[in-house]
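One letter stands for each residue in the lines below.
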Amino acid sequence: MTNKFYTAAVAAVLMAGIASAQTTINGAGATFPDPIYKKWFNEYHKLHSDFQFNYQALGSGAGINQVTQGTVDFGATDGPMDDKKIADFKTKQGTDILHFPTVLGAVVPIYNLAGVSKPVNFTGTILADIFLGKITKWNDAQITKINAGVTLPNTDIVVVHRADGSGTSYCWTDYLSKVSPEWKTKVGMGTAPNWPVGLGGKGNDGVAGLVKQTANSLGYVELIFAEQNKMGYGSVQNAAGKFLQATLAGVTAAAAGGAKTMPADFRVSIVNSPGAAAYPISTYTWLLVPVDIKDAKKKEAIKGFLQWMLKDGQGMTEALSYAQLPKEVVAQETKALAKIK
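Reading guide: rules and limits
Residues numbered from 1 in each chain as written. Predicted model: local features only at pLDDT ≥ 70, side-chain atom pairs only at ≥ 80, totals over all residues. Heavy atoms only, no water. Helix = DSSP H or I, 4+ residues; strand = E, 2+ residues; numbered from the N terminus. Buried < 20%, exposed > 50% of the residue type's maximum accessible area, 1.4 Å probe, protein only. Contact = heavy atoms within 4.5 Å. Phe/Tyr/Trp six-rings, centres within 6.5 Å; stacked < 30°, edge-to-face > 60°. Axes fitted to C-alpha atoms, helices over the stretch in contact; angles between N-to-C directions. Parallel < 35°, antiparallel > 145°, perpendicular 65-115°, else oblique. Left-handed = near helix turned anticlockwise from the far one by under 90°. Nonpolar A, V, L, I, M, F, W, Y, C, P; charged D, E, K, R; others polar. Arc of directions from axis to C-beta.

## Side note on the environment of Leu104
- Residue position: Leu104 is located in strand 4 (residues 97-111).
- On the basis of relative accessibility, which here comes to 0%, the residue Leu104 falls in the buried class.
- Residues Leu104 and Ile130, 26 residues apart in the sequence, show an inter-C-alpha distance of 26 Å.
- Beyond its immediate stretch of four places on either side in the chain, Leu104 contacts Val251, Ala255, Ile270, Thr283, Tyr284, Tyr322, Ala323, Gln324, Leu325 and Pro326.

## Here we look at the packing of aromatic side chains
- Applying the stated criterion across every chain yields a total of 26 aromatic pairs.
- Ring plane angle 45 degrees and centroid distance 5.1 Å describe the contact between Phe41 and Phe305, whose orientation is recorded as tilted. Of this pair, Phe41 sits in helix 2 (residues 34-47) while Phe305 sits in helix 12 (residues 296-311), placing them 264 residues apart in sequence. The two residues Phe41 and Phe305 agree in class, both being buried.
- Note on Trp172 and Tyr220: the rings are 4.8 Å apart at their centroids and 10 degrees apart in plane angle, and the pair reads as stacked. With Trp172 in helix 7 (residues 167-179) and Tyr220 in strand 8 (residues 217-222), this residue pair connects regions lying 48 residues apart in the sequence. In terms of burial, Trp172 and Tyr220 fall into one category: buried.
- Connected via pairs of aromatic rings, a cluster forms that spans Tyr37, Trp40, Phe41, Tyr44, Phe53, Tyr55, Phe74, Phe305 and Trp308.

## A few points about the packing of helix 5 (residues 124-132) against helix 7
- Two elements in contact, helix 5 and helix 7, have axes whose closest approach is 9 Å; the angle formed by their N-to-C orientations is 115 degrees. As the angle between them shows, helix 5 and helix 7 are arranged roughly perpendicular. You can see that helix 5 and helix 7 cross each other, and the crossing is left-handed. Here helix 5 contributes Gly124, Thr125, Leu127, Ala128 and Phe131 to the contact with helix 7, which in turn contributes Trp172, Tyr175, Leu176 and Val179.
- Taken together, the residues that form the contact of helix 5 with helix 7 break down as seven nonpolar, two polar and no charged.

## Observations regarding helix 13 (residues 327-336)
- Those residues of helix 13 lying buried are Val329, Val330, Glu333 and Ala336. Around the axis of helix 13, the buried residues are gathered within 120 degrees of arc, so they sit on the same side. Residues of helix 13 that are exposed and point more than 90 degrees away from the buried face comprise Lys327 and Lys335.
- For helix 13, the secondary structure elements touched by its buried residues are strand 4, strand 11 (282-290) and helix 12.

Written as structure tokens, this is what we have:
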């Protein structure tokens, strides 16, 4: 065997050894935080080449279902699991599930309106009535009244919503339920509500794409998907009566009030938070981690990643239009890591 072929053979054996020693941690769930999760998992792998995270952005509903069925090592959701889902997880997996907030983000109303460059103002009631099918025209008197100087067309509003189980939908409908008694009664909040009207798109990407290609449409996505697709998004009236476009400062302000009173299980809603600077459709997003992780290497990887995420990872969030966790929440989560056995 020549030196050339011998070297190649040795290299192949070494690479095979590295690949076999590598531990893959599988996760699935929310599309909302997918850009930052991809960034984080890639950066963590650079630091710990023996661990590889494989994350599938399939929607929060899929993330909850898959972690409950045990087909993934962790799930991800923008809407916390309710008591019934947690009980179902315990029954199937024989252990508890933990919610770890990772970042904060905003859900924004996006639209496709030719010739309209100024952000369109919306109240929560108007958004609820549009998604209920009660307001059907862009130049409806309720919309034009709060949009002086903006020429809105006399065209039908094409409503676009998520077709899959979605934490983004959970946040959106949580907000609509808080500002509209009619929405709360007729539809309510959930990851996959029974939408009264509209077209469905899969994932934040799917909704953004459908709005982008459909004239006079209105949908909702996480902020970064609007920015990545260079789409117009509206200003929403907050609890203090101010019309605000989503910003990181506005999301941080929405979380600030409850940061010191965060519940021990981290299941909390921050939509329609009080305060003049608070953007009203803001939310945490969570990783769902079983308490009992039987595979020692996977437990090491998941706990190590969470520790890194809470410290170094937070510094990477703002470049991708997510807000960092409040320091009080980081401290509380750091203590909660001890619950993973």
